[in-house]
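Residue-level structure breakdown
Take a look at the letters that make up each chain.
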Amino acid sequence: MTVLPWRDIDTVLLDMDGTLLDLHYDNHFWMEHLPQRYAELHDISRAMADLELTPLFERNAGQLKWYCLDFWSRELKIPVRELKLETAHLIALRSDADTFLAAIKQAGKRVIMITNAHRDSLSLKLERIELAPYFERLISSHDYGFPKESPAFWDALQADIDFDPSRSLFIDDTLPILRSARDFGVAHLLAVKQPDSKKGPKDTEEFTALGDYRELLEGL
């Protein structure tokens, strides 16, 4: 049971993919659907597609362009936006995320989404899952030109929304991003235990793991 010191928290910063939304959609798209469609569109085998794509993915992981659909469309010479629509039926809210969002908004907390997702990915997901009404702002790291892994992102966020890190909660499913937030001084940090509903729990290492959003509502 994770009991948060809600009296000490004014601002709630939330990631989107793997935190509010099931990461299965993204994992399936990037690991299965895109390689298969890349193979078909370039008339090569799936095995050859994986050989070509894997080093590209590894080289760009954690950088802003990793999250940029325009970059991948150019790099791979395929229409990534259109391909994402082909699996959009897999976009799904994590269990009780909407209950949690409604409760923290009702409690008067400042609620802000910060995502590395490209604006096109964000728009696609917001068309299918009604998240926008819960948030004061929906911020893509592409707005600032730095991914959340970078200290420069946090400086830009501070300049933009003027929040107090010592009175903020941040929930994310990516450990390097949580470490970046911790280095900036964000006091309350939670990792997501099972970002992808089709995969088992992950090791959240030094961070407290969030399993169920309902457990966070105690004391709110």
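The protein chain is annotated in an unreviewed UniProt entry as Hydrolase of the HAD superfamily of Pseudomonas deceptionensis.

The contact between helix 2 (residues 46-60) and helix 3 (residues 69-76) brings their axes to 13 Å, and the two run at 145°. Classified by chirality, the crossing of helix 3 by helix 2 is right-handed. Every residue of helix 3 that contacts helix 2 at Leu53, Leu56, Phe57 and Asn60 is listed here: Phe71, Trp72, Glu75 and Leu76. Residue composition of the contact of helix 2 with helix 3, by class: 6 nonpolar, 1 polar and 1 charged.

In this section: helix 7 (residues 151-161). Among the residues of helix 7, Phe153, Trp154, Ala156, Leu157 and Ile161 are the ones counted as buried. The buried residues of helix 7 occupy one face: seen down the axis, they fall within an arc of 160°. What points out from helix 7, more than 90 degrees from its buried face, is the exposed set Pro151 and Ala159. After helix 7 finishes, the residue Asp162 shows a positive phi value of roughly 50°.

Another point: the nonpolar core. Counting residues in each nonpolar core, the largest one holds 30 residues, and the members touching the most others are Leu14 and Ile171. Those elements giving two or more residues to this core turn out to be strand 1 (11-14), helix 5 (97-106), strand 2 (110-115), helix 6 (119-128), strand 4 (168-172) and strand 5 (188-192). When residues of this core are assigned to their parent elements, the largest contribution, 4 residues, is made by helix 5. Ranked by size, the runner-up nonpolar core spans 20 residues in total, among them Ile139, Tyr144, Phe153 and Ile177.

With respect to burial, strand 4 is a largely interior element, 5 of its 5 residues being buried. Residues Ser168, Phe170 and Asp172 line one face of strand 4 and the alternating positions Leu169 and Ile171 line the opposite face, and both faces are buried. Summarising the sheet, strand 4 and strand 5 pair through 4 bridges and their orientation is parallel. In the sheet register, Ile171 faces strand 5, and the bridge partner there is Leu190. Viewed along the sheet, the connection from strand 4 through helix 8 (residues 175-184) into strand 5 turns out right-handed.

So, on to the side chain of Lys125. Mapped onto the secondary structure, Lys125 falls in helix 6. Only 2.8 Å separates the side chain of Lys125 from the side chain of Asp17, close enough to count as a polar contact. Of note is the side chain of Lys125, whose polar atom sits 2.9 Å from the side chain of Asp26. Residues within four places of Lys125 in sequence aside, it is in contact with Met16, Asp17, Leu21, Tyr25, Asp26 and Ile91.

All right, on to the domain arrangement of the protein chain then. Examined at the domain level, the protein chain breaks down into domain 1 (6-22 + 92-217) and domain 2 (25-89). Computed from C-alpha coordinates alone, the two centres of domain 1 and domain 2 are separated by 25 Å. Summing both sides of the interface, domain 1 and domain 2 together bury roughly 1,300 Å²; the carbon and sulfur share of this comes to 56%. Put simply, Lys125 and Asp26 hold a salt bridge, and the shortest N to O gap is 2.9 Å. At the junction of domain 1 with domain 2, the criterion picks out 7 residue pairs in polar contact (both at pLDDT 80 or more).

Criteria and cut-off values
Residues numbered from 1 in each chain as written. Predicted model: local features only at pLDDT ≥ 70, side-chain atom pairs only at ≥ 80, totals over all residues. Heavy atoms only, no water. Axes fitted to C-alpha atoms, helices over the stretch in contact; angles between N-to-C directions. Helix = DSSP H or I, 4+ residues; strand = E, 2+ residues; numbered from the N terminus. Left-handed = near helix turned anticlockwise from the far one by under 90°. Contact = heavy atoms within 4.5 Å. Nonpolar A, V, L, I, M, F, W, Y, C, P; charged D, E, K, R; others polar. Buried < 20%, exposed > 50% of the residue type's maximum accessible area, 1.4 Å probe, protein only. Arc of directions from axis to C-beta. Core = buried A, V, L, I, M, F, W, Y, C linked by side-chain atoms within 4.5 Å. Pairing = 2+ DSSP bridges. Right-handed = clockwise from strand over helix to strand, strands pointing away. Polar contact = N/O pair within 3.5 Å; in protein donor to acceptor, adjacent residues only side chain to side chain. Domains from an automatic or database assignment. Buried area = accessible area lost by both parts, 1.4 Å probe. Salt bridge = Lys/Arg side-chain N within 4 Å of Asp/Glu carboxyl O.

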